[in-house]
Amino acid sequence: MGLLALSQGAMAQDVLGSAYKSFVKKHKVSAVELKGSEANKRKFKYFINKYSFKISNYDFKDIETLLKAFEKEESKAYNTINITDGDHQGVSSITMQGNVSYVVGELYDNLTLVCISDPKDTTMRYAYALEWNTPKEGEEVSGRLISCYAKRPKGTRETRQEEMETISIPSIGRDFSSGRKIVIQPLNKAYSKVDAERIKESLKKGGISLNDISDIVMNGDVKYIVGKQTLSAKELTSASWLSEFTYLVTLVKKNANKTAAGIYVPSLYDLSKHTEKLDSSDKELAIEELVRVKELLKDNFLIGLIEKTIQNLKK
């Protein structure tokens, strides 16, 4: 989706808020911004923002500027995480009131995160994360910024000890209006590693056929869980479309030559048939990611499907 204005208020007054605003203003980003309010109140109190970017090696100095801003704020933080060339296992999740959650420390090589209590209300906290891939000669540097203001999580959430795993376990349901089978894709669902293993074992016992699921997806009978809603691709907003696309791409990259790719690639194709709400810059970013995905695949059918997906995005 297009560049959106940064949330104002308290965030814009601090060092990291100003650094984020400068970076987003200078560079082309894909932005997803969400706000929330307390029960029975109309005024927005909470927010969670995600800004995905790709910059040249020459502009890496702007990431270094952000890192200096993080260093200035670390003394105020009750929790900090710094990872260089990490193991991509997911070390933390940033959550807004249990509704929207981003797992950090998994998609990119490097992470720096700080969580700072709101001095005016210690039950609330600001969370800031910067993730980026290690610069390589001749390639762009990709990464993302996340900022959040919400209730301070209890227990081990947002700490190094939280072992998270992002998985997508599709299930088969039925459309009551048509009677047709549908595939439900719960993308970007974060589980503890113990829960993830339990769910995977349950899937095996259920005898779900990946080929059956792939066939249903190819027919366009797939639904995506967004918040508390179950939506088809054509019902997604541009922000939701981009979010689903990003996590499907991540899952394909992690499973490029495994049978699971036979579910995720058809789902990308399904999304590409409904791009009416995207602007040209969104489509360009999506095509760039698909070109990278295509290079990882070895199955000719899936490669061909990625090519069709790219053609749909060029329309």
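Calculation notes
Residues numbered from 1 in each chain as written. Predicted model: local features only at pLDDT ≥ 70, side-chain atom pairs only at ≥ 80, totals over all residues. Heavy atoms only, no water. Buried < 20%, exposed > 50% of the residue type's maximum accessible area, 1.4 Å probe, protein only. Helix = DSSP H or I, 4+ residues; strand = E, 2+ residues; numbered from the N terminus. Pairing = 2+ DSSP bridges. Core = buried A, V, L, I, M, F, W, Y, C linked by side-chain atoms within 4.5 Å. Contact = heavy atoms within 4.5 Å. Phe/Tyr/Trp six-rings, centres within 6.5 Å; stacked < 30°, edge-to-face > 60°. Lys NZ or Arg CZ within 6 Å of the ring centre and 35° of its normal.

Visitor: Is there a simple way to explain the pairing of strand β2 (residues 44-55) in this structure?
Guide: On any regular strand, side chains alternate: one points to one face of the sheet, the next to the other face. With 9 of its 12 residues buried, β2 lies for the most part within the structure. Two strands pair when backbone bridges link them, and strand β1 (residues 29-37) and β2 are joined in this way by 9 bridges, in the antiparallel orientation. Directly across from S30, in β2, lies its bridge partner S52. Bridge count between β2 and strand β8 (residues 141-151): 9 bridges; the pairing is antiparallel. Opposite N49, over in β8, you have S147 as the bridge partner.

Visitor: Please explain the nonpolar core as it appears in this structure.
Guide: Here is a general trend for soluble globular proteins: nonpolar side chains tend to be buried in one another's company. F53, I63, I94, L113, Y128, L130 and L145 are the most contacted members of the largest nonpolar core, which has 47 residues in total. Considering each element in turn, this core owes the most residues, 7 residues, to strand β7 (residues 121-132). Apart from the residues lying within four places of it in its own chain, the contact partners of F53 are F23, K28, V29, I63, L130, E131, V141, S142, G143, R144 and L145.

Visitor: Help me out: how do you make sense of the packing of aromatic side chains in this one?
Guide: Any two aromatic rings considered together are summarised by their centre-to-centre distance and by the angle between their planes. In total, this model carries 7 aromatic pairs according to the counting rule given. Centre to centre, the rings of F23 and F53 are 4.9 Å apart; their planes meet at 65°, and the pair counts as edge-to-face. With a gap of 30 residues between them, F23 in helix α1 (residues 15-26) and F53 in strand β2 connect regions that are remote in the sequence. Assessed through its relative accessible area of 4%, F23 is described here as buried. Among the residues examined, F53 registers a relative accessible area of 3% and is labelled buried. In this structure an aromatic cluster arises from ring pairing among Y20, F47, F70, Y126, Y128 and Y149. The lysine or arginine in question, K61, covers the ring of Y58, its NZ or CZ lying 3.9 Å from the ring centre. If you follow R152 out to its NZ or CZ, it ends over the ring of Y78, 3.6 Å from the centre.

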